[in-house]
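Coordinate inspection notes
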Amino acid sequence: MNIVVGVTGGIAAYKAVHLVRLLIKNGHDVTVIPTEDALRFVGMPTWEAISRNPVTTSVHEDVARVRHVALGQEADLVIVAPATANTIAKMAAGLADDLLGTTLLATTAPVVIAPAMHTEMWRHPATQANIATLRERGLRIAGPGDGELTGGDSGPGRMLEPEEILNAALAAVRPQDLVGVRVVVSTGGTREPLDPVRFLGNRSSGRQGTALAVAAADRGADVVLVAANVAGDVLADAVRLGIRIERVGTAADLGDAMRRAAAESEVLVMAAAVADYRPAEKAERKLTKESGTLERIELVENEDIVAGLAADRHAGRLVVAFAAETPQDEHEMLERARRKRERKGVDLLVVNEVGWEQGFESADNTVQIVAAEGVVGAASGTKRQVADAVWDAVVAARRP
Ligand code: CTP
């Protein structure tokens, strides 16, 4: 997306640097428009270096491209962070005495503002009336938060954290096409205990499944996330959104949790990496070389959870499976995906190629989405982008 970030003159401008970084990391093209005052807090070189785009505050530069209008017209989203009381008043009045002002008047894109000021200024009837005006016009107001302010005082007026502003901003441009839909997503990798200190596990981090849960919640769904051995920091976004999380360990636990949650849901997404086999016996005491009990481990097969969920599904429920493959070429990968989708009886199968360097533990992913009629979607990018492509395919498949 083309995103304009307006930065106005408040001490929280330093936090906007991190917001711009996050947007760039998420693959967006960012143009920063600081006000003259904002440059007293964070200088031009910082904005240019961090956004990788030229920065100006003036309507008199790059006049040939009619920049004061073009930036607004070309934007898919405008964020103003921090938004001072003064800027909020100017926006409410429709003033356009600098590049940010003209851009805000020229844009038809969603606008999200993150107010930052002292509590008294925020509570002032003038500011509250201006905020009400902006809200009525359809602008989104992210925050302010309640907490410590620059003068050592405390109360509402603190700018939200960059991650929270990012979430609010992306929610403004995202379709609300899963409102009220109950979905269950599994994530992570199961661990099958061998003895008190060892298990059979896999390299799944749980990032893709968590991104799926977060994306669904952003689009309005009621989400249950069944997480198998996922680290707390990976789940942080899901926790922040208030998503119900159920933690599980083994494939058997995961199967039980999925069946329970499935009873009240319309979409099931099985993104967890499930161990196909488990040790036939779980030793009460540590196995040792000395006793010779470590040389051979007898395994028994685990149930195929997603195949069971698909076989038991009621009319209207959609089941999505994942497959990580190490094929020789794309043709073989899609062939395997087609066969696996049929064998499991699922509606959609999301297939990605993995290898020693690919797929696991990385921030990015490349997938294709296979349905009965063939490939119905594809995505390459952040796990969040992949998650949105999966939900696009789910929404399309649910359409009557
Ligand atoms: N899956 C499952 N229960 C299992 C194994 C896998 O529900 N016991 C699910 C996974 O969560 C995933 C899909 O099935 O959504 C495909 O997993 P994969 O390991 O690729 O399937 P397998 O049937 O084990 O096929 P393969 O022999 O290629 O590993």
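Quantities reported herein were computed from a predicted structural model and do not represent experimental measurements.

What the 8 strands build is an open sheet, ordered β12-β11-β8-β13-β16-β17-β18-β19; its pairing is mixed. Strands with a single pairing partner mark the edges of an open sheet, and in this sheet they are β12 (244-248) and β19 (374-382). On average, each strand axis in the sheet is inclined to that of its neighbour by 20 degrees, with strand direction left out of account. As paired elements, strand β18 (residues 364-371) and β19 share 8 bridges and run antiparallel to each other. When the sheet's bridge partners are listed, D364 is paired in β19 with T382. Where helix α14 (residues 383-398) meets the sheet, it contacts β8 (182-188), β13 (267-270), β16 (318-325), β17 (348-353), β18 and β19, and its direction lies at approximately 155 degrees from that of β19.

Here the focus is the environment of N302. Structurally, the position occupied by N302 is in the loop between β15 (299-301) and α12 (305-311). Here N302 falls in the buried class, since its relative accessible area comes to 9%. Beyond its immediate chain neighbours, meaning those up to four positions away, N302 contacts E192, A251, A275, D276, Y277 and R278. A polar side-chain atom of N302 sits 2.8 Å from the main-chain carbonyl oxygen of A275. Within the structure, the side chain of N302 is placed 2.6 Å from the side chain of R278, a separation counted as a polar contact.

What counts, and where the lines are drawn
- Residues numbered from 1 in each chain as written.
- Predicted model: local features only at pLDDT ≥ 70, side-chain atom pairs only at ≥ 80, totals over all residues.
- Heavy atoms only, no water.
- Pairing = 2+ DSSP bridges.
- Helix = DSSP H or I, 4+ residues; strand = E, 2+ residues; numbered from the N terminus.
- Axes fitted to C-alpha atoms, helices over the stretch in contact; angles between N-to-C directions.
- Contact = heavy atoms within 4.5 Å.
- Buried < 20%, exposed > 50% of the residue type's maximum accessible area, 1.4 Å probe, protein only.
- Polar contact = N/O pair within 3.5 Å; in protein donor to acceptor, adjacent residues only side chain to side chain.

Read these as geometric descriptors, not functional statements.
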